[in-house]
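Listed below are the residues making up each chain.
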Amino acid sequence: MTNSVFRVLVTFCQPLDIPAEGGRDRIQGTQVKYLMAGEDLSMLQVQHGYGVPLGYQNLKCFLDPDVIKQLPAAPAFYDCEFRLVAGSDGKLVSKPVSFSYVGDVVFSLFDDDLGGSGTNEKQDGQEKQDGKVSSKSAK
């Protein structure tokens, strides 16, 4: 089965090394929290509305300890290789297996910081400041 590669925004990563204690084995690995971004970042668009769920929930995974060496920056964009594996319930899940750094993330509150008009719109009578997320490529 072929692995798939998707652009992700890694929001947090940390190495974990929890000593054995009380009959429990030592736990070592890399904790990663990320968002699916899409090649053109289209999956990270601002969502508007009232009384409905908005925004994005982090996806999280616990991977081998050596994966931390593939994650030199956060938050940052990575091309992430995913593999289909059996989850704890026996169902197939797509699990990250490797990360390739693409570039730093740039957060900006105003359009003009990224070459836009710099204007704010009104939505439902309230002023809305446009925010942007973009990739500053390392390549």
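Summarised in this report is the structure supplied together with it.

The next subject is the overall build of the protein. Broken down by element type, the protein carries 0 helices and 8 strands. Helices and strands in the protein line up, N terminus first, as β-β-β-β-β-β-β-β. Across the protein, every contact between residues at least 6 apart in sequence was considered, and the portion connecting residues at least 24 apart equals 60%. Only carbon and sulfur atoms are counted for the fraction: they give 50% of the accessible area of the protein, which is about 9,300 Å².

Looking down a regular strand, the side chains alternate between one sheet face and the other. Pairing of strand 1 (residues 4-18) with strand 4 (residues 76-86) involves 7 bridges; the strand directions are antiparallel. Counterpart to arginine 7 in the pairing with strand 4 is aspartate 79. Counting the residues that bridge the hairpin from strand 4 to strand 5 (residues 92-108) gives 5 residues, and of these glycine 90 lies at a positive phi of roughly 90°.

On the surface, Ile18, Ile27 and Phe62 cluster together to form a nonpolar patch covering roughly 230 Å² of accessible area. The residue phenylalanine 62 is located in strand 3 (residues 59-63) in this model.

With an omega of -5°, the peptide bond between alanine 74 and proline 75 qualifies as cis. Although it is not a glycine, leucine 41 sits at a positive phi angle of roughly 65°. Its location among the elements puts leucine 41 in the loop between strand 2 (27-36) and strand 3. By relative accessible area, which is 13% here, leucine 41 ends up buried.

Scanning the entire structure with this criterion turns up 4 aromatic pairs. Relative to phenylalanine 99, the ring of tyrosine 78 lies with its centre 6.0 Å away and its plane at 85°, an arrangement referred to as edge-to-face. Linking tyrosine 78 in strand 4 with phenylalanine 99 in strand 5, this pair joins segments that are 21 residues apart in sequence. We classify phenylalanine 99 as buried; its relative accessible area is 7%. Their ring planes at 70° and their centres at 5.6 Å tell us that tyrosine 78 and tyrosine 101 sit as a pair that is edge-to-face. Separated by 23 residues along the polypeptide, tyrosine 78 in strand 4 and tyrosine 101 in strand 5 bring together distant segments of the chain. By relative accessible area, which is 0% here, tyrosine 78 ends up buried. For tyrosine 101, a relative accessible area of 25% gives the class partly exposed. The rings of Phe6, Tyr34 and Phe82 are connected pair by pair, giving a single aromatic cluster.

Here the focus is the nonpolar core. Val8, Val10, Val32, Tyr34, Leu71, Tyr78 and Phe99 are the most contacted members of the largest nonpolar core, which totals 15 residues. Those elements that provide at least two residues to this core are strand 1, strand 2, strand 3 and strand 4. Residue contributions to this core peak at 4 residues, all from strand 4. Here valine 8 is in contact with Tyr34, Leu35, Met36, Ala37, Ala76, Phe77, Tyr78, Cys80, Phe82 and Phe99, once residues within four sequence places are set aside.

Next up on the list: the pattern of salt bridges. Under the definition given, this model contains 4 salt bridges. For arginine 7, the salt bridge identified is with glutamate 39, shortest N-O distance 3.1 Å. With arginine 7 in strand 1 and glutamate 39 in the loop between strand 2 and strand 3, the pair connects residues that are 32 residues apart, well separated along the chain. By relative accessible area, which is 59% here, glutamate 39 ends up exposed. Among the ionic pairs, lysine 69 bridges to aspartate 66, the shortest N-O distance being 3.6 Å.

So, how was this worked out
- Residues numbered from 1 in each chain as written.
- Predicted model: local features only at pLDDT ≥ 70, side-chain atom pairs only at ≥ 80, totals over all residues.
- Heavy atoms only, no water.
- Helix = DSSP H or I, 4+ residues; strand = E, 2+ residues; numbered from the N terminus.
- Contact = heavy atoms within 4.5 Å.
- Areas by Shrake-Rupley, 256 points an atom, 1.4 Å probe, with all protein chains shown as cover.
- Pairing = 2+ DSSP bridges.
- Patch = residues over 30% accessible without salt bridge, like charges linked within 9 Å, V, L, I, M, F, W, Y side chains within 5 Å.
- Salt bridge = Lys/Arg side-chain N within 4 Å of Asp/Glu carboxyl O.
- Buried < 20%, exposed > 50% of the residue type's maximum accessible area, 1.4 Å probe, protein only.
- Phe/Tyr/Trp six-rings, centres within 6.5 Å; stacked < 30°, edge-to-face > 60°.
- Core = buried A, V, L, I, M, F, W, Y, C linked by side-chain atoms within 4.5 Å.

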